[in-house]
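Results of the structural survey
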Amino acid sequence: AGGFGAEHILLLIDCHESMFEKYIPLLDDADMDDDDNEEMEGSNNNAPAKEKKLFAPHEVAITAAHRLLRMKIRNIAETKTGKRDGVGILLYGCNTKRCLQGKLDTSPKSGGDDESDSDEEEEQHSTHELLELAPPGTEHILKVQECVPPSRDNKSNQQQRDLQKEFSTLGSVQNDDDDDEGVSDGCCTLRQALVDANKIFEAAKCVKMRSPSGKDLPDAKTIWIFTNQDNPCSSEFDKIQTITHAKDLKDATVDIHVMPLPKKSGEFDKTFLYNDLLSPISVQEDVDCFADNSGTLDIEDVLEHFGHFARKVRKYAYVPLFLPGWKEREGDPGIMLDLYSVVRERKKPVPITVHQEKSTATAKRSSIIDKENGGVVEKKDLHYFAEFCGGRVTLHPDDIAKLKDLSRSNMAGCVVLLGFKPMASLDVTFPLSKNSIAFANDSIVAGSNKAFYNLKDAMERKNVYAVAELHTRAKSVSRMVALVPHRSSNGGLLIMPLPFKEDVREVAKEDIGFADQEAVDAAKNLISKSTVNHEGNFSEMLPENPWLKHFFGYLESISLGRELDEVEDETKMDVEGLLAVARQQIEDFSISLPIDPEPVKKERKRKADAVSKTSKGDTPMEDIDEEWIDLYKNDEISGKTAPELKAFLKSRGERVGGKKGELVDRVNRVIYDHIFSKK
């Protein structure tokens, strides 16, 4: 995943007539509108009171595509990456007569041969590019949203565009009774879809090939096939031709995956075609998404499964791992590692300024101006100073670069293994920043994979971790890190930044509290009752960020014209549930805690009282303006300027000296006393 630039996804959605038959019950149909099933429920008098709503496989595929577009846009906004990632939708197995006007015009960028076989020319009409392969935007989501059936993804009462009527071969038979030219029989429509998919990748403006210099990484290209047809080929010749086209795509570094949707009867059997069509890794990774044997489909599982591939985590660096004595081994390439961030914080988009006339985002550019002549000072001419011994020591950028070079073992980025220590000596409170994880990269240095996992296996058997020096870039400062074997069998090495001796703060003994045995026992009972039991991965039980969910829900409601969804805050404590499970343990623990002595409040004569008595006699102080009270409640007092704060304090008879932070604290105290004195 880390060896690619942008990541492009092309969805191939089958338009076979069976894809439009409604027979799939969804597990999340509680959120769906039930209007479409009124006729079915009315026709069956013996139906149960609550009958699951049925969906067509094509509706599941379009809903998944709609969610993918929204997810891509949100990921770009949150991570500031993937701005060139393209998403496209190609319908295949369509009514050939209706696709005639929408015939693909996707000539390769390199200007290849225009000649093609006559049978392929006819089959080309059986595909329709519903969505051009390009970075998704509002217009792309709205275009797909027209095709989404009424659901929580499309809360309008009706579907604006009927793809079955437009492209299904079944629709062509019903509408054209005099002939059946619209039906594409006797050929594998998937074969032509793969041919057109290759043309789409070649013609798309967002797709870049590897540069001749080799510095820019090539783009990742992925095809997802949504179908309920496990054997779309009518003959052995069709099957061979389809597999050949799939091989051509794989030779062009295109990954092919299949999302097998439920069949109306029987199970989806990949052995007919798809096991030969996909790469060995895809065969292992692509699993069926049935929730149970009844054929019920969990659409969330579908989305999570192929969404996992759409959210690939990119590496932030690749560096060699050098073992002790590497300098004596001339030309030692080391063990090549790919480094990934274990945790990546997602944030809301930053505000941008827009040019009033051009309506384009503006970029801020700052320069340092010479005070005397008004000229721009170049970066190379800047000198920095360090405060030392009561004076200033000048530091030129070249001097700083030289000091960095002296602090590391190698000029280029690398990991230098220094030695090993017992796992028991690793203090988990030591790491200074976020952890990373390293995996071997066999494509750059052959043999890295075998050497890496031999090293990891030896460390696990001896129960040790490695101490190493890490710097990821040529001009960065090196850090000391711990390399810890990951628990899983296919895991890598966790990279934990370690402090140097002068970074560690010893905790004074008097700062360590104590507790009696009764309080300890009460705490143990409370913990045992309120422990969250989860057998899977820890990350699976983490809640989503409620602030980001609210924020992006609001943005989607404005830009896409959607209703504002209610967001469930999973971070809020379930008070009733917790009390139902551990009420007695909570009370016992509260009783076991020592009682804090109440602080003695000393009466304090305020200067304001003296001023009011001397200047105004017994006239009470005027009420504080509501504007200041609102600022206090919203914690926005610090937004006022120092003169405004001083003016307020002076009007209340308070001291006006000190820094702005002291003025803010003083104003907060005055308003607090004023509010609660009234109560």
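One can find the structure itself at the top, above this paragraph.
A brief look at the structure comes next. (Residues numbered from 1 in each chain as written. Predicted model: local features only at pLDDT ≥ 70, side-chain atom pairs only at ≥ 80, totals over all residues. Heavy atoms only, no water.)

Of the regular secondary structure elements, the protein chain holds 20 helices and 16 strands. Relative to its 679 residues, the protein chain shows a buried fraction of 38%. Contacts in the protein chain between residues far apart in sequence, at least 24 positions, make up 72% of those at least 6 positions apart. With an accessible surface of roughly 42,200 Å², the protein chain has 51% of that area assigned to carbon and sulfur atoms. (Helix = DSSP H or I, 4+ residues; strand = E, 2+ residues; numbered from the N terminus. Buried < 20%, exposed > 50% of the residue type's maximum accessible area, 1.4 Å probe, protein only. Contact = heavy atoms within 4.5 Å. Areas by Shrake-Rupley, 256 points an atom, 1.4 Å probe, with all protein chains shown as cover.)

The strand order across the open sheet formed by five strands is β5-β4-β1-β6-β7, and the pairing between neighbours is mixed. Edge strands, defined here as strands with exactly one partner in the open sheet, are β5 (127-134) and β7 (254-260). Taken over all neighbouring pairs, the strand axes of this sheet differ in orientation by 15° on average, direction set aside. Pairing geometry for strand β1 (residues 7-14) and strand β4 (residues 87-92), over six bridges, is parallel. Bridge pairing in β4 places L11 opposite I89. In the packing of helix α2 (residues 57-79) onto the sheet, the strands contacted are β1, β4, β5 and β6 (220-227), and the crossing angle to β1 comes to about 165°. Across the sheet, helix α4 (residues 138-145) is in contact with β4 and β5; its angle to β5 comes to roughly 155°. (Pairing = 2+ DSSP bridges. Axes fitted to C-alpha atoms, helices over the stretch in contact; angles between N-to-C directions.)

Mapping I671 onto the fold places it in helix α20 (residues 660-678). Classification of I671 by relative accessible area gives buried; the value is 0%. Taking the C-alpha atoms as reference points, I671 and W628, 43 residues apart in sequence, are found 7.9 Å from one another. Sequence-distant contacts of I671, defined by excluding residues within four places in its chain, comprise I624, W628, I629, Y632, I637 and F648.

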